[in-house]
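These are the residues of each chain, in order.
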Amino acid sequence: MDTNQNKQSYALPIAMMFALFFMIAFVTGLQNPMGVIVKNQFQASNLLSQLGNFANFLAYAFMGIPAGLMLQKIGYKKTALTAILVGIAGVAITFFSGKIESFAVYLIGAFVGGFSMCMLNTVVNPMLNTLGGEGKRGNQLLQFGGTLNSMGATIVPVLVGYLMGDVAKATISDANPALFLAIGIFVLAFIVLYSMSIPEPHIVAEKSTEKNTHSPLSFRHFVLGAIAIFVYVGVEVGIPNIANLYMTGDLKINATTAGTVVGTYWFLMLVGRLTGGVLGSKFSSKSMLSFAAVLGLAFVLLAIFLPKDQMVSMPVFQSDISFGLAQVPVSIMLLVLCGLCTSVMWGGIFNLATEGLGKYTAAASGIFMVMVCGGGIIPAVQGYAADIFGYVQSYWVVVIGITYMLFYALVGSKNVNKDIKVD
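In this text the structure is predicted, and so the values were computed from the model without any measurement. (Residues numbered from 1 in each chain as written. Predicted model: local features only at pLDDT ≥ 70, side-chain atom pairs only at ≥ 80, totals over all residues. Heavy atoms only, no water.)

Caption draft 1: Focus on the overall build of the protein. Within the protein one finds 16 helices and 2 strands. Computed over C-alpha atoms, the radius of gyration of the protein comes to 20 Å, within 12% of the 22 Å expected from 2.2 N^0.38 for 423 residues, which places it in the range of a compact globule. Taken over the C-alpha atoms alone, the protein extends approximately 60 × 45 × 40 Å along its principal axes. By residue count, 57% of the 423 residues in the protein fall in the buried class. Within the protein, counting contacts between residues at least 6 apart in sequence, those at least 24 apart form 85% of the total. Summed over its atoms, the accessible surface of the protein is roughly 16600 Å², and 67% of this surface lies on carbon and sulfur atoms. (Helix = DSSP H or I, 4+ residues; strand = E, 2+ residues; numbered from the N terminus. Rg over C-alpha atoms; globule rule 2.2 N^0.38 Å. Buried < 20%, exposed > 50% of the residue type's maximum accessible area, 1.4 Å probe, protein only. Contact = heavy atoms within 4.5 Å. Areas by Shrake-Rupley, 256 points an atom, 1.4 Å probe, with all protein chains shown as cover.)

Right, dumping it as structure tokens:
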């Protein structure tokens with residue numbers, strides 16, 4: 001009887017966490033098409049075009065640990081509300097950068113937005129995992145949350161690609177409707193979250209007199225998992241970001257079409273996460289992560305080695321929420337298909353890395369958020385590789401990353417520190 005009541009009382013908090021997942025992807029995803037805009041508006045190199053994305057994710061390195069401490073001191077609700085206010089400020093700065101046409105101010109806006117996304121990520125992941133009771137159910141909720149995350153990521157490149165029109169003439173101000181939409185989402189979420197109560201399973205009411213001799217870093221599977229998250233976010237972001245630059249650069253594909261192709265990558269992540277959510281109660285995180293890594297490796301390696309002039313008509317997700325066809329190299333289609341693979345990786349890695357951490361879970365989430373900075377560093381490295389070796393050959397960076405995630409799934413995820421007390 002009590003169990004059923006608890007499950008009912010958790011429905012609204014779970015729904016709110018899903019909404020925050022959407023917000024994280026929408027604001028973070030703005031940096032993908034923005035990279036195309038600033039490359040042309042400011043005549044930037046591939047490396048410099050990724051600096052907005054780099055600044056957005058670099059914020060995680062600074063805010064990850066403080067966000068974890070905020071979670072323990074003031075709880076989920078106050079941390080999320082603070083994050084939303086910071087997010088509004090970040091989007092407003094980006095809007096201002098378009099008004100004065102300043103690349104530096106644009107980078108500041110991306111950096112401030114990253115602080116917000118870091119805090120929100122620190123809230124939603126442990127919250128969903130905890131409400132699901134960890135294990136398979138926790139993984140299932142994370143996958144469903146990831147579905148909403150992918151929905152936000154799907155909409156952004158398609159919308160901004162449509163708004164920018166001619167790449168050669170596009171400016172930051174062309175993306176204003178997307179920025180206004182982001183602010184609207186933030187304001188709505190703030191109002192809803194402020195008016196509701198949510199459980200606070202990891203808040204620390206008082207200072208404990210007992211000193212902890214351990215931390216999340218005492219667990220080998222967590223340390224290796226944190227590295228896996230660093231690599232994963234870089235791979236997830238790098239695949240579509242560099243593909244967008246490749247299409248609008250060497251391939252001379254117009255921005256609207258390129259946006260629909262990149263949007264399809266995120267749409268496939270939505271499909272994959274929805275499928276992962278359905279299958280999450282039947283298959284372990286280890287099995288799902290292993291399968292996704294092997295399939296991802298196959299797609300990327302084929303994209304690298306297949307002829308670059310071999311074209312294919314690829315179904316793409318369009319701005320009017322329908323599907324059309326786009327003529328692209330088969331290598332682009334294979335890279336887009338990687339969205340099916342990257343879709344379940346975050347939830348799987350987070351679930352495996354935090355399994356059995358008990359009281360160290362909240363602190364672990366903060367450390368995880370630090371490692372999300374890989375989403376800025378690895379695409380920048382890949383962009384630099386593209387400048388030197390070419391767009392297609394830069395995907396060897398992705399191959400190395402996916403190989404590490406396969407190692408983590410098969411070997412590194414085993415908890416070898418079960419002797420540490422966690423309650």
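Caption draft 2: Fine view of unusual backbone geometry. We note that E101 has phi near 55°; this positive angle belongs to a residue other than glycine. In this structure, E101 sits in the loop between α5 (51-100) and α6 (103-131). Judged by relative accessible area, which is 52%, E101 ranks as exposed. With a phi close to 55°, K252 is a non-glycine residue in the positive phi region. Here K252 is to be found in the loop between α9 (220-248) and α10 (255-279).

Caption draft 3: Molecular detail of a positive patch on the surface. Among the surface-exposed residues, R220, K286, K414 and K418 lie close enough to one another that they form a single positively charged patch. Along the chain, R220 falls in helix α9. R220 sits in the partly exposed class, given a relative accessible area of 37%. (Patch = residues over 30% accessible without salt bridge, like charges linked within 9 Å, V, L, I, M, F, W, Y side chains within 5 Å. Salt bridge = Lys/Arg side-chain N within 4 Å of Asp/Glu carboxyl O. Lys, Arg positive; Asp, Glu negative; His and termini not counted. Charge placed at Lys NZ, Arg CZ, Asp CG, Glu CD.)

Caption draft 4: Highlighting the nonpolar core. Ranked by size, the top nonpolar core spans 130 residues in total, and within it L20, L120, V261, V300, I349 and Y395 carry the most contacts. With 15 residues, α9 is the largest single contributor of residues to this core. Structurally, this core is a two-domain feature, drawing no fewer than three residues from each of domain 1 (8-200) and domain 2 (216-416). Those residues within four positions of L20 in sequence are excluded, and the remaining contacts are A80, I84, L120, V124 and A189. (Core = buried A, V, L, I, M, F, W, Y, C linked by side-chain atoms within 4.5 Å. Domains from an automatic or database assignment.)

Caption draft 5: Main features of helix α12 (residues 330-342). Between its first and last C-alpha atoms α12 spans 19 Å; for 13 residues at 1.5 Å apiece the expected length is 18 Å, and the two agree. Among the 13 residues in α12, 10 count as buried, and that is most of the element. The set of residues buried in α12 consists of V330, S331, I332, L334, L335, V336, C338, G339, C341 and T342. (Expected span 1.5 Å × (residues − 1).)

Caption draft 6: Fine view of the state of the cysteines. Taken as a whole and assessed by the stated rule, the structure comprises 0 disulfides. This cysteine, C118, is not joined by any disulfide, and C373 carries the nearest cysteine sulfur, 9.7 Å off. By relative accessible area, which is 0% here, C118 ends up buried. As a non-bridged cysteine, C341 has C338 as the owner of its nearest cysteine sulfur, 5.5 Å distant. (Disulfide = S-S within 2.5 Å.)

Caption draft 7: Region of the structure containing helix α13 (residues 345-354). The buried count for α13 comes to 10 of 10 residues, which makes it a mostly enclosed element. Listed as buried for α13 are M345, W346, G347, G348, I349, F350, N351, L352, A353 and T354. Phi turns positive, to about 80°, at G356, one or two residues after α13.

Caption draft 8: Representation of the side chain of S116 within the structure. Its place among the elements puts S116 in helix α6. In this view, S116 contacts A83, I84, V86, G87 and F186; residues no more than four positions away in its chain are not counted.

Caption draft 9: Expanded view of the domain arrangement of the protein. You can read the domains of the protein as domain 1 (8-200) and domain 2 (216-416). Here the C-alpha centre of domain 2 lies 18 Å away from the C-alpha centre of domain 1. Between domain 1 and domain 2, the contact holds 50 residues from the first and 60 residues from the second. The tally of links between domain 1 and domain 2 comes to 0 salt bridges. Linking domain 1 with domain 2 are 10 residue pairs in polar contact (both at pLDDT 80 or more), by the criterion used here. Listing elements by their share of the side of domain 1 that touches domain 2, those giving two or more residues are α3 (31-41), α4 (46-49), α5, α6 and α7 (135-164). By residue number, the principal contributor to the side of domain 1 that touches domain 2 is α7, which donates 20 residues. (Polar contact = N/O pair within 3.5 Å; in protein donor to acceptor, adjacent residues only side chain to side chain.)

Caption draft 10: Focus on the environment of M405. Residue position: M405 is located in helix α16 (residues 396-412). Measuring from C-alpha to C-alpha, the distance between M405 and V294 comes to 9.6 Å, with 111 residues separating the pair along the chain. Sequence-distant contacts of M405, that is, excluding residues within four places in its chain, are made with A228, V231, Y232, V235, L289, M345 and I349.

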